[in-house]
Amino acid sequence: MRRARWTFTVTLPFLALVPGLRAQTLADDDPVLRAIYTEATEGSRFEPLAQALLDSIGPRLTASEGMERAQAWAVERLASWGYDARTEQYGTWEGWNRGTSAIDLVEPRVRSLEGRILAWSPGTGGEPVEGGVVAPDGIASPADWQAFLGTVRDRWVMWSFPQPTCRPDDMWREYAQPGSYEAMDEARDEAQRAWNAQIRAAGSDDPRNRDLQRQLEEAGALGIVTSNWTGEVGTNRVFNSYTREIPTFELSCEDYGLVHRLAARNQGPVLRLTAEAENRGHVPVYNVIAEMRGTELPDEYVILSAHYDSWEAGSGATDNGTGSVLMMEAARILAEVYPNPKRTILVGLWSGEEQGLNGSHAFVEDHPDIVDGLQALYNQDNGTGRVVSMSGSGFVDAGGHLARWLARVPAQVSRFIDVSFPGMPSGGGTDSASFVCAGAPGFNLGALSWDYGSLTWHTQRDTFDKLVFDDLRNNAVLTASLAYLASEDPERVSRERRDMPLNTQTGEPANWPACGAAVRDSRNSPRMQ
Ligand SMILES: [Zn+2]
């Protein structure tokens, strides 16, 4: 028999509040839920855990020593709370450590510049490397590109569009004279199009133009200078280098513009880079796995999931220190107040997410028994905000379970959450997708933004000070409560999938997302080449 399909979105208090319940009271008399609430608020360890991880250990680039230190710390913490905790190797990866660096403008005047080499970039062996600057200009054909390659020897090559303003658009809209913002915006669009067109004219068919960067490397350039401004004051995204012989570094919006203007007006800018970086060769990469065995149903699992790896220009605070510490704090609370879980509680702190969900994909491939036994997985990966959205991930019956569980979570926490049932299976983006594609019930805890996209996501500003502990403690109550309720539920969550909506282009039903294969070796990773 086919079940009725239903889809709705509703703000949870309409489900959760019983008549006469005041917002400050707990919705449930269950002593474990009450103890979770008390431990997650009055006994919270969120702040000291996050401070130790983000300030003292710092960022956690896949295959870096920072990640290994962070993993050893997580294993030690989880074991101290009674978990069977370990690292589990899933592959090998090109390892890299950042060292100290300085970038200076030395001609036509001295200024220390704000920037850093990109992840996996070579350094300069700690020695200063100095040279003039060239920028692509007027390239209209592959022949022009070849001519440009002839000018790059012993020069730094400017490789990003120079922003005409480093003020946010909101500020322009607020203060500019009538028409002034619009004129700037139009000129900026046109300049950006012209910049893109000349890079396209070089004849690369790689959307990331990695082959062009290799050609610059081979043509004897000193290095590549980039800038990836988010549109927020002082905030750049910082990803990985595609060069392996010469350094690639980034500059702030302001400093990149300065150097580009000096070069464009023939004012003779000279840059000096001094950078240490260590290529560690090919090293093993690991997930952190910790288990508290179930007393009644040990082969059924509730998974607390977050990716632990990060980019490394900041501290990986909101991406994804917050999700990782949330899962550790929920695990700590559960060990404290629910030490004999009915189902097995498993903490998965994945590596390699930023290179394509590799750690979680590998775990799913390596542990079909755990995937088969999954009751529910909760994943969080979009910053410091309180959780405001959850979905049934496309599982028809999951909505009923989630609604029942959420109705028992304290209303102080659940009142912010919009739920959508059955929702859609996510095709990627974060690690719950690695389980959902395999048909296992993974749920993502969607957080309020706090300007995640423009301020912290993959930026050098993703640091401890951006954390909002009132919201994070909320999330600890929520996650520990949902884990407890999923563990205790007398019923398994059914894996029946929704009818997928029609693809508007083909008129055919959309497909349930397929699982990507884990990339277990950086030499096979398109993101690393
Ligand atoms: Zn993330």
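Cut-offs and rules
- Residues numbered from 1 in each chain as written.
- Predicted model: local features only at pLDDT ≥ 70, side-chain atom pairs only at ≥ 80, totals over all residues.
- Helix = DSSP H or I, 4+ residues; strand = E, 2+ residues; numbered from the N terminus.
- Rg over C-alpha atoms; globule rule 2.2 N^0.38 Å.
- Buried ≥ 20, exposed ≤ 12 C-beta atoms within 10 Å, placed from the backbone.
- Contact = placed C-beta atoms within 7 Å.
- pLDDT = per-residue confidence, 0-100.
- Pairing = 2+ DSSP bridges.
- Domains from an automatic or database assignment.
- Nonpolar A, V, L, I, M, F, W, Y, C, P; charged D, E, K, R; others polar.
- Axes fitted to C-alpha atoms, helices over the stretch in contact; angles between N-to-C directions.
- Parallel < 35°, antiparallel > 145°, perpendicular 65-115°, else oblique.
- Left-handed = near helix turned anticlockwise from the far one by under 90°.
- Core = buried A, V, L, I, M, F, W, Y, C linked by C-beta atoms within 7 Å.
- Arc of directions from axis to C-beta.

Some points on the overall build of the protein chain
- Scanning the protein chain from terminus to terminus reveals 17 helices and 16 strands.
- At 25 Å, the protein chain has a C-alpha radius of gyration in line with the 24 Å of a compact globule built from 529 residues.
- The principal-axis extent of the C-alpha atoms belonging to the protein chain is close to 75 × 50 × 45 Å.
- Here the protein chain, with 529 residues, has 48% of them falling under the buried criterion.
- Contacts spanning at least 24 positions in sequence make up 83% of the contacts within the protein chain whose residues lie at least 6 apart.

Points about the confidence of the model for the protein chain
- Per-residue confidence for the protein chain gives a mean pLDDT of 94, with 95% of residues at or over 70.
- Predicted confidence for residues 1-24 stays below pLDDT 50, and this span has 35 contacts to residues more than four positions away or in other chains.

Describing the pairing of strand 14 (residues 418-421)
- On strand 14, burial follows the alternation: V419 and F421 on one face are buried, whereas D418 and S420 on the facing-out side are not.
- Relative to strand 14, strand 13 (residues 387-391) runs parallel, the two sharing 3 bridges. Bridge assignment links S391 to a residue of strand 14, and that residue is S420.

Let's talk about the environment of A191
- With respect to the helices and strands, the residue A191 is situated in helix 7 (residues 180-201).
- Spatially, the C-alpha atom of A191 lies 45 Å from that of P284, the residues being 93 residues apart in sequence.

Let's talk about the environment of D462
- By the element assignment, D462 lies in the loop between helix 16 (452-456) and helix 17 (469-488).
- Here D462 is in contact with G314, S315, G316, A317, T318, D319 and T456, once residues within four sequence places are set aside.

A short note on the pairing of strand 6 (residues 155-158)
- Of the two faces of strand 6, both are covered, the one formed by R155 and V157 as well as the one formed by W156 and M158.
- Sheet topology places strand 5 (residues 129-134) next to strand 6; 3 bridges connect them, and they run parallel. Directly across from V133, in strand 6, lies its bridge partner W156.
- Relative to strand 7 (residues 223-226), strand 6 is paired through 3 bridges, and the arrangement is parallel. When the sheet's bridge partners are listed, M158 is paired in strand 7 with V225.

Quick look at the environment of R155
- With respect to the element layout, R155 can be found in strand 6.
- Judged by local crowding, R155 falls into the buried class, with 21 C-beta atoms found within 10 Å.
- Residues R155 and G66 lie 89 residues apart in sequence; the distance between their C-alpha atoms is 32 Å.
- The residues contacting R155, other than those within four sequence positions of it, are G131, G132, V133, V134, A221 and L222.

What to know about the domain arrangement of the protein chain
- By the assigned domains, the protein chain splits into domain 1 (8-94 + 282-498) and domain 2 (109-268).
- Between domain 1 and domain 2, the C-alpha centre-to-centre distance is 38 Å.
- On the side of domain 2, 11 residues touch domain 1, which itself brings 11 residues to the contact.
- Of the residues contributing to the side of domain 1 that touches domain 2, the split by class is 4 nonpolar, 4 polar and 3 charged.

Describing the packing of helix 2 (residues 31-41) against helix 17
- Helix 17 packs onto helix 2 with a crossing angle of 155° between their chain directions and a minimal axis gap of 9 Å. For the element pair helix 2 / helix 17, the angle class is roughly antiparallel. With respect to the hand of their crossing, helix 2 and helix 17 are arranged in right-handed fashion. Together, V32, L33, I36, Y37, A40 and T41 of helix 2 and R473, A476, V477, A480, S481 and Y484 of helix 17 make up the contact between the two elements.

Observations regarding unusual backbone geometry
- Residue D319 is joined to N320 through a cis peptide bond whose omega torsion reads 5°.
- Although it is not a glycine, N266 adopts a positive phi angle of roughly 55°.
- Here N266 shows up in the loop between helix 9 (253-264) and strand 9 (270-292).
- On the basis of neighbour counts, which here come to 7 C-beta atoms within 10 Å, the residue N266 falls in the exposed class.
- The phi dihedral of L357 is positive, around 55°, even though this residue is not glycine.
- Here L357 is to be found in the loop between strand 11 (343-350) and helix 11 (358-366).

Digging into the nonpolar core
- Grouped together as the largest cluster of nonpolar side chains are 132 residues, with contacts concentrated most on A330, A331, L334, A480 and A483.
- Per-domain counts for this core show at least three residues from each of domain 1 (8-94 + 282-498) and domain 2 (109-268).
- Discounting residues that sit within four places of it in the chain, A330 has contacts with L304, A476, T479, A480 and A483.

A few points about helix 8 (residues 210-218)
- Within helix 8, burial applies to L212, Q213 and L216. One side of helix 8 carries all its buried residues, which in axial view fall inside an arc of 100°.
- In this fold, the buried residues of helix 8 make contact with strand 6 and strand 7.

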